[in-house]
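Chain and residue survey
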Amino acid sequence: MSSWRARFQELSRYPSAVAGGAIIMLLVLLAVYALIGLGQTRAVTLWRGGEGVWELNPRQAPPAWLNFFLKVKRPPTMLLGSASSPELKDREDFEGGDADITITFPVDFQYDEFPREVAVFMTADFKALSPHVSFTWRTPDGREYPLLGQRLRAKDAYRISQDRRVTEMFGREAHIGMFAEPGSDPPRPLKGRYELVVDGVVFEPESDFEVSFVLYGQLHGLAGTDHMRRDITVALIWGAPIAMAFGLLAAVGSTLTTLLLAAIAAWYRGWVDGLIQRLNEVFLIVPGLVVLIMVGMLYSRSIWVILGVVIFMGIFTGIRTFRAMFLQVKEAPYVEAARAYGASNPRIVFLYLVPRVIPVLVPQFVTLIPGFVFLEATLAVLGLGDPILPTWGKVLNDAFSNGALYAGHYYWVLAPASLLMFTGLGFAMLGFALDRVFNPRLREQ
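What comes next concerns the included structure.

**Looking at a nonpolar patch on the surface**
A grouping of Met25, Leu26, Val28, Leu29, Val32, Leu35 and Ile36 is seen on the molecular surface, where their side chains present a nonpolar patch of about 680 Å² in accessible area. Along the chain, Leu26 turns up in helix α2 (residues 15-38).

So, in structure tokens, the structure goes:
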């Protein structure tokens with residue numbers, strides 16, 4: 001125990017070890033938050049999308065915090081709802097069960113560019129007679145534009161940006177004409193207070209409706225959105241436990257199995273050693289990435305299947321190095337003493353040979369983890385990742401498939417790539433420091 005404590009104290013003197021450990025700790029905390037705060041079921045449900053899941057998000061919008069660094073201020077997504085803000089709603093009931101309902105959504109628009117879309121989502125509660133609503137748009141300079149009048153269904157939507165009548169009325173795209181200065185060419189946003197007024201009539205005593213007004217901005221969320229309106233933050237958060245688990249399990253499975261096979265080969269020698277050496281030579285010439293691609297294309301892209309193949313392919317990696325170490329340890333006096341008092345072969349292998357090599361194994365084990373993380377991301381970028389789980393590599397694959405860099409959506413690539421880079425950097429810095437501490441040849445004199 002004192003030996004390990006001394007090594008830990010020596011490790012803490014390396015700035016690279018402290019920095020690498022801090023990065024790894026942040027990744028672990030992110031993974032814990034993903035498992036506790038988000039959960040796999042919710043993460044997968046959100047990433048799959050579906051009706052109504054991401055309808056309030058804009059498409060391919062950069063992160064909202066970019067406005068702090070831009071001279072030209074872009075509008076973020078604004079969401080106003082009568083259900084969450086009842087003060088916006090005014091109801092006047094009449095005899096016979098009829099009622100007039102007026103909902104006024106104020107929009108303080110102080111931005112230098114136009115929104116991407118404008119839409120209204122409605123839910124109505126009625127038995128036989130559906131409510132009737134009409135929309136009016138008011139500008140800061142006093143202009144009023146009637147938009148639409150319609151009967152409501154139980155769940156309805158009015159996408160103003162796609163209304164041809166509104167486009168013809170403004171003479172340009174609806175979401176631009178609604179916020180443009182009159183007569184400006186090219187169009188310039190008119191800053192000030194806008195209002196969307198919803199006038200409705202219900203024909204039953206218990207009938208009512210709620211309205212949500214969405215101004216889809218050019219910026220959204222912490223990490224932006226993709227082509228399916230999905231918040232990329234979900235994949236960045238849930239990708240942390242996937243990456244850490246895949247890298248850790250692959251490193252543990254392949255390293256420990258390799259260690260045990262090397263110990264068995266060194267101790268038993270003979271045909272056992274020969275068989276393991278021949279298998280090692282076969283696996284050295286088998287292209288692992290090609291095998292993984294074939295498994296993903298022809299059998300399954302499940303991350304657990306891929307993990308099993310990775311561990312199996314990595315069993316014989318480095319077996320000759322460990323075998324050489326065990327051949328030296330085999331001749332140690334304490335091993336001869338154990339053999340003299342009648343210790344069995346398995347006892348010698350597991351209690352005398354393997355523990356001797358573990359300190360040298362620790363740095364190699366740490367530096368192997370990012371390699372497996374990159375391997376999983378590589379398969380996902382090639383389209384062979386798990387189709388269900390949101391991962392960093394899947395985000396990169398979606399960005400590549402939709403021409404993110406060509407379209408200027410750099411955030412879509414930089415966020416997952418940065419997390420992969422920091423993961424590799426953290427484990428590499430800690431692994432190199434561990435190598436100096438545990439490898440006597442690299443210790444500073």
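Resuming the write-up.
**Focus: the sheet that holds strand β4 (residues 117-125)**
Read from one edge of the open sheet, four strands run β1-β9-β4-β7, paired in antiparallel fashion. Pairing within the sheet leaves two strands with one partner each, and these edge strands are β1 (78-81) and β7 (155-159). Going from strand to strand, the sheet's axes swing by 15° on average, the running direction of each strand aside. Relative to strand β9 (residues 208-216), β4 is paired through nine bridges, and the arrangement is antiparallel.

**Brief notes about the pattern of salt bridges**
A full pass over the atoms with the stated rule returns 17 salt bridges. Between Arg74 and Glu113 there is a salt bridge; the shortest N-O distance is 4.0 Å. Pair noted here: Arg74 is in the loop between α3 (40-48) and β1 and Glu113 is in the loop between β3 (99-109) and β4, with a separation of 39 residues, a long-range link. With relative accessibility at 25%, the residue Glu113 sits in the partly exposed group. Note that Arg230 and Asp398 form a salt bridge whose closest N and O atoms lie 3.1 Å from each other.

**A look at the packing of helix α12 (residues 345-381) against helix α15 (residues 411-438)**
In contact at an axis separation of 8 Å, α12 and α15 are set at 165° when each is read in the N-to-C sense. Viewed along their axes, α12 and α15 adopt a mutual orientation that is roughly antiparallel. Pair α12 / α15 crosses with left-handed handedness. In this structure, α12 contributes Pro359, Val362, Pro363, Val366, Thr367, Ile369, Pro370, Val373, Phe374 and Ala377 to the contact, and α15 contributes Leu420, Thr423, Gly424, Phe427, Leu430, Gly431, Leu434, Asp435 and Phe438.

**Digging into the sheet that holds strand β5 (residues 132-138)**
If you trace the five strands from one edge of the open sheet to the other, you get β2-β3-β8-β5-β6, paired in antiparallel fashion. Either end of the sheet is taken by a strand with one partner, and the two such strands are β2 (89-93) and β6 (144-151). In this sheet, adjacent strand axes meet at a mean angle of 15° when their direction is disregarded. As judged from the five bridges shared by β2 and β3, these two strands associate in the antiparallel manner. Its bridge partner being in β3, Lys89 is matched across the sheet by Ile103.

Conventions used here
Residues numbered from 1 in each chain as written. Predicted model: local features only at pLDDT ≥ 70, side-chain atom pairs only at ≥ 80, totals over all residues. Heavy atoms only, no water. Patch = residues over 30% accessible without salt bridge, like charges linked within 9 Å, V, L, I, M, F, W, Y side chains within 5 Å. Areas by Shrake-Rupley, 256 points an atom, 1.4 Å probe, with all protein chains shown as cover. Salt bridge = Lys/Arg side-chain N within 4 Å of Asp/Glu carboxyl O. Helix = DSSP H or I, 4+ residues; strand = E, 2+ residues; numbered from the N terminus. Pairing = 2+ DSSP bridges. Axes fitted to C-alpha atoms, helices over the stretch in contact; angles between N-to-C directions. Buried < 20%, exposed > 50% of the residue type's maximum accessible area, 1.4 Å probe, protein only. Parallel < 35°, antiparallel > 145°, perpendicular 65-115°, else oblique. Left-handed = near helix turned anticlockwise from the far one by under 90°. Contact = heavy atoms within 4.5 Å.

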